[in-house]
Amino acid sequence: MGVDRLKPEGALLQRLRGEWQVVQSMLLEELSMGPPLWFLALGVRLGYVLHGVGSGRGIDPDNPMQAFFGAIELMRMNVDFLQLPPVRSPSICMEPRSSCALDGTSQGQRLFRHSLNWVITLNGSERFTDPHMKELLRVMRLVPARGERRQGRLADEVWDRVCRCTATFAGELPDAALHKRARERRKERGATSERARRLRDAQKRLQDPKCPLSAVGRYEVAVQWEAVARMMHQEIRRQAAIENRMVFYIPAIDKCNKRLVRSDYEHMLRVANYNNAGHAMGMLGVYEGMRVRLDAKMCARLKVVQGAVGTVRHIEFHDEEDLTWVADEGSKENRQGYVVLKKMPRGIMVAFDSVDAKLGYDDGDSRLVLVAPPDQTWKWRTRDPTNVWDGCRWVTKPLEIAVTRYQIRLFPEKVMTTQAAQGRTCETMLAHLGKSPRMSTAEYWFNVYVMLSRAPALDPDRLMLFDLPPREFFEEGPPAALVNAMRDLEDLETRTRAFARQVREYMARYHRWPEPGTRTRPEKPEDVSSYLAVSYTH
């Protein structure tokens, strides 16, 4: 990112300068959820607004990086270094890839480390109600000492509690994957695998009305988008069956300049990772009364932004949509409980929980907002056949096609990836811990830690785990990059606490609190000024 793109001009510059000149302190909350480039952009822009052209501060306007954040006296930054970084961006807490890299991401990471003077670590949490969950997470983030034996760090009691919540373990083969002869021998002995027994017990819990996991409001979280896409459709059908509702499937509209056949468009709709498909689902399932989550920013004033939740009131169908099946109770659509729409609806009326203003719709709920299908561009990667024959098939070459997708950006409220589940407390949760083939071990460790920390307790009636990694994974400790970042922050925290202790002792001895309206001078003003100068230096 060039610095020139961050320079406001004209009326915008004057307005920002008037608003920020009176600022003496600033709080940056949830800083780890944004990319380092945003942190750099904020620092450079504030430096230019408060010290640039016309400010009278004598700073070179062509080098606004001389005064990061406008030299605001006091800044407080809240960062969670055990949080997943933004999608396709490294964490701001980690070390830059190179000490001399000039890209915006590396500069943002260096700026964050350079701007830290004092560090306080907050380890408390009000979410966890179970000592077993606290111990599990403590062992996961515990850095093993040099020469320490890692195996056995997790207590047997805690691991047994984890296994009680587990339906399947990673690497287990289902019975259908066994050799035919092996399946026949197992059937002759009347034996069932341990995996099949656990799945049968899990199925009973999910069908038991008294079990909290069978309720409609449970969370379903997974690491891979391939698992999330399937979970979304299964949960929509399950909830619609409970509420006796008709499910409407809305296929996305994909347009491109290249001539394609029908199967190509069907493959586009099957792309599971919505980050690779224009941030829109290929097939959206919805029904009236369904709880949904918005994945777009529509109106910040009404808080109709990304992550806003609400209830679907009704669907504004296309004028040419065939709805003759509605009146026929014996139609195929009414018998199967779902219908695939032929035309893209004009939108979906949603009553968002955050909207408390009357928007003018007279449909029994004045909070209704029409969520229309926007257009999103993405790249579809496929292979194009050539006229070269290698003896058994035509040789193909990689092909990337620019596609424009039209789809309503709504999702089921409580089915999401680990990234979207951050910051939430999931009282009841189905957690799919399967690792993506291309995911690094460090990234997978973060996903598992974040997902498990969403649950308040290791309760088999409220937490069900699938594809759980082996015990050694939890005893191995955090990734090396996280260990280095944690050690740097711990060193700063040690210095911070030592300095604060010295200041408290000195102020208690030489600078007692004066009475209102009076002013006392300390016996050693030079020492006090040195303490305060260091403590208030940005």
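Cut-offs used in this document
- Residues numbered from 1 in each chain as written.
- Predicted model: local features only at pLDDT ≥ 70, side-chain atom pairs only at ≥ 80, totals over all residues.
- Heavy atoms only, no water.
- Helix = DSSP H or I, 4+ residues; strand = E, 2+ residues; numbered from the N terminus.
- Expected span 1.5 Å × (residues − 1).
- Buried < 20%, exposed > 50% of the residue type's maximum accessible area, 1.4 Å probe, protein only.
- pLDDT = per-residue confidence, 0-100.
- Contact = heavy atoms within 4.5 Å.
- Pairing = 2+ DSSP bridges.
- Axes fitted to C-alpha atoms, helices over the stretch in contact; angles between N-to-C directions.
- Salt bridge = Lys/Arg side-chain N within 4 Å of Asp/Glu carboxyl O.
- Parallel < 35°, antiparallel > 145°, perpendicular 65-115°, else oblique.
- Phe/Tyr/Trp six-rings, centres within 6.5 Å; stacked < 30°, edge-to-face > 60°.
- Polar contact = N/O pair within 3.5 Å; in protein donor to acceptor, adjacent residues only side chain to side chain.
- Nonpolar A, V, L, I, M, F, W, Y, C, P; charged D, E, K, R; others polar.

**As for helix α12 (residues 441–452)**
Turn by turn, an α-helix covers 3.6 residues, leaving residues three or four places apart pointing in a common direction.
Item 1. With twelve residues, α12 should cover 16 Å at 1.5 Å per step; its first-to-last C-alpha distance of 16 Å lies within 8% of that length.
Item 2. The element α12 is extensively covered by neighbouring structure, given that nine of its twelve residues are classed as buried.
Item 3. Of the residues making up α12, those classed as buried are Tyr444, Trp445, Phe446, Asn447, Val448, Tyr449, Val450, Met451 and Leu452.

**Some thoughts on the confidence of the model for the chain**
Item 1. Averaged over every residue, the pLDDT of the chain is 81; the share at 70 or more is 83%.
Item 2. Contacts of residues 513–538 to residues separated by more than four positions or lying in other chains number 25 contacts, the stretch itself having pLDDT below 50.

**Topic: the sheet that holds strand β3 (residues 219–222)**
Item 1. Read from one edge to the other, the open sheet built from four strands follows the order β15-β3-β16-β17, with strand pairing classed as parallel. Pairing within the sheet leaves two strands with one partner each, and these edge strands are β15 (415–417) and β17 (463–466). The mean inter-strand angle of the sheet, taken between neighbouring strand axes irrespective of direction, is 15 degrees.
Item 2. Helix α8 (residues 225–243) rests against β3, β15 and β16 (429–432) of the sheet, and its axis sits at about 175 degrees to β15.

**A word on the pattern of salt bridges**
Item 1. If you walk through the whole model with that rule in mind, you get 19 salt bridges.
Item 2. Residues Glu235 and Arg238 are paired through a salt bridge, measuring 2.7 Å at the closest nitrogen-oxygen approach. Here Arg238 and Glu235 lie together in helix α8, a separation of three residues that amounts to about one turn.
Item 3. The salt bridge partner of Glu413 is Arg291, with a shortest N-O separation of 3.1 Å. Placement of Glu413 in the loop between β14 (410–412) and β15 and of Arg291 in strand β7 (residues 291–294) is noted, with a sequence separation of 122 residues between them.
Item 4. Taking the relative accessible area as the measure of exposure, Glu413 reaches 15% and is therefore buried.
Item 5. Overall, Arg291 belongs to the partly exposed group, its relative accessible area being 28%.

**A word on the packing of helix α2 (residues 36–51) against helix α3 (residues 104–114)**
Item 1. Packing of α2 against α3 brings their axes to within 7 Å, and their N-to-C directions diverge by 70 degrees. When the axis of α2 is compared with that of α3, the two are roughly perpendicular. Here α2 contributes Pro36, Leu37, Phe39 and Leu40 to the contact with α3, which in turn contributes Gly104, Thr105, Gln107, Gly108, Gln109, Leu111 and Phe112.

**Points about the packing of aromatic side chains**
Item 1. All told, the structure shown has 13 aromatic pairs when counted by the stated rule.
Item 2. Ring centres 5.9 Å apart and planes at 55 degrees place the aromatic pair Trp159 and Phe474 in the tilted group. Taken together, the positions of Trp159 in helix α5 (residues 156–164) and Phe474 in helix α13 (residues 471–475) put the pair 315 residues apart, joining distant regions of the chain.
Item 3. Since its relative accessible area comes to 1%, Phe474 is described here as buried.
Item 4. Plain terms: the ring middles of Tyr274 and Phe411 are 5.3 Å apart, the flat faces sit at 90 degrees to each other, and that makes the pair edge-to-face. Taken together, the residues Tyr274 in the loop between α9 (262–269) and β6 (283–286) and Phe411 in strand β14 connect sequence positions 137 residues apart.
Item 5. Here Phe411 falls in the buried class, since its relative accessible area comes to 3%.
Item 6. An aromatic cluster of three or more residues is present, and its members are Trp159, Tyr444, Phe473 and Phe474.

**Points about the side chain of Gln407**
Item 1. Along the chain, Gln407 turns up in the loop between β13 (394–406) and β14.
Item 2. Within polar-contact distance, the side chain of Gln407 engages the backbone oxygen of Ile250 at 3.0 Å.
Item 3. Discounting chain neighbours no more than four positions away, the residues touching Gln407 are Ile250, Pro251, Ala252, Ala280, Met281, Gly282, Met283, Leu284, Met344, Pro373 and Pro374.

**Side note on the sheet that holds β7**
Item 1. With antiparallel pairing, five strands are arranged side by side in an open sheet as β11-β10-β8-β7-β14. If you trace the sheet from one side to the other, it starts and ends with β11 (368–371) and β14, each paired once. If you compare each strand with its neighbour and ignore which way they point, the axes differ by 50 degrees on average.
Item 2. Sheet topology note: the β7/strand β8 (residues 309–316) ladder contains three bridges and is antiparallel. Along β8, the bridge assignment pairs Val292 with Gly310.

**Some thoughts on the packing of helix α4 (residues 131–141) against α5**
Packed helices, taken two at a time, are described by the angle between their axes plus the distance between the axes.
Item 1. It is the contact of α4 with α5, at a shortest axis distance of 10 Å, that shows an interaxial angle of 105 degrees. With respect to α5, the axis of α4 lies roughly perpendicular. Where α4 approaches α5, its residues His132, Glu135 and Leu136 are matched on the opposing element by Glu157, Val158, Arg161 and Val162.
Item 2. A class-by-class count of the residues in the contact of α4 with α5 yields three nonpolar, one polar and three charged.

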